[in-house]
Amino acid sequence: MSKSGSGQMLWAPRHSGWNLAHHLVPSFVLLAFLAGTGVYALLHERPVLATGLLASALAVLMGVVAAYRRPTEDQAATTAAVGTSTGPRAATCFPMFRTSPQWAAAVMGLAVVILVATVALSARLLVIHSYDPMVLIVLLTVFLLGIGVYVLNRGIRMARIAAASQDPGVYLTRSRIVLHSSRGTREIYWNDLEGIEPTDPARHRPLGKRGPAWIVVRHRAGEAVEAKALVILVHELTANPDQLMRTLEHYRVNPADRAELGTAAALERVRGFIPLP
């Protein structure tokens, strides 16, 4: 069996404890600002403004709690059945984080509260009271609407994962790669692959020194326009991203070995791709 566990790690180990808190400092600052201004507005009898700000603070707090709820140890690859466009197939699965329906519903509920409170606040100050200076109200409205839309988008992604019957993860079958994630379900055949690369969004490095944010599986040149690249979000993985990357590369360049995917033989091989610290 192929062994490449001694190779250099591309992604830093998963953070926990103070290390995780250190990377969430901007979230803590935003949480303190929103909570502080929300309490100030409440004490000065501005209930609508306080509702929007405190709901935003609670949404940020839930995001921080969700980060701490992630497992600190990498989950091992498993053998699982996966639904594909041509029926169920046996696969080797690299798991991803799954959100509970209750958590997703709470996040979406907060998003609705933020948006409704923002619309009510802007209507009250701009239409009823003609508040001046108007620029401050416009800026506040844009700020709260931005938070509300972001939280709503996050809630929709969480709900998509929570409602799916298939566990989220990257599934490798003999014929294709299937991705079940917060962005929905995608699949790409091994024979259609052009390449696999770790990368970040254009002009943005959301994970910083912890490693690239994406593993991008690209179609061959000349494929149909609608055949977009398959993007694996590294922060959603509970499996080891280095192990996943090496596994993908191995089966891309060794098509004869794909027959073992979905079997114990594949798991034995995959265990050899765990990077050494």
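Residues numbered from 1 in each chain as written. Predicted model: local features only at pLDDT ≥ 70, side-chain atom pairs only at ≥ 80, totals over all residues. Heavy atoms only, no water.

### Observations concerning the environment of Arg-269
In step 1: Summarising the element assignment, Arg-269 is placed in helix α7 (residues 264-271).
In step 2: On the basis of relative accessibility, which here comes to 8%, the residue Arg-269 falls in the buried class.
In step 3: Side-chain polar atoms of Arg-269 contact the side chain of His-250, separated by 3.4 Å. (Helix = DSSP H or I, 4+ residues; strand = E, 2+ residues; numbered from the N terminus. Buried < 20%, exposed > 50% of the residue type's maximum accessible area, 1.4 Å probe, protein only. Polar contact = N/O pair within 3.5 Å; in protein donor to acceptor, adjacent residues only side chain to side chain.)

### Looking at helix α2 (residues 25-43)
In step 1: If you check α2, its first and last C-alpha atoms are 27 Å apart, about what 19 residues at 1.5 Å a residue would give, namely 27 Å.
In step 2: Every buried residue of α2 is accounted for by Leu-31, Leu-34, Gly-38 and Ala-41. Looking straight down α2, one finds its buried side chains confined to an arc of 110°; they lie on one side. Exposed positions of α2 whose direction lies more than 90 degrees from the buried face are Val-29, Ala-32, Tyr-40 and Leu-43.
In step 3: Downstream of α2 by one or two residues, Glu-45 has phi in the positive range, about 60°. (Expected span 1.5 Å × (residues − 1). Arc of directions from axis to C-beta.)

### Regarding the pattern of salt bridges
In step 1: Scanning all chains against the criterion turns up seven salt bridges.
In step 2: In this structure, Asp-257 and Arg-269 form a salt bridge, with 3.7 Å as the shortest nitrogen-oxygen distance. With a gap of twelve residues between them, Asp-257 in the loop between α6 (241-253) and α7 and Arg-269 in helix α7 connect regions that are remote in the sequence. Each member of the pair, Asp-257 as well as Arg-269, carries the same accessibility label: buried. (Salt bridge = Lys/Arg side-chain N within 4 Å of Asp/Glu carboxyl O.)

Nothing here speaks to function; it is all geometry.
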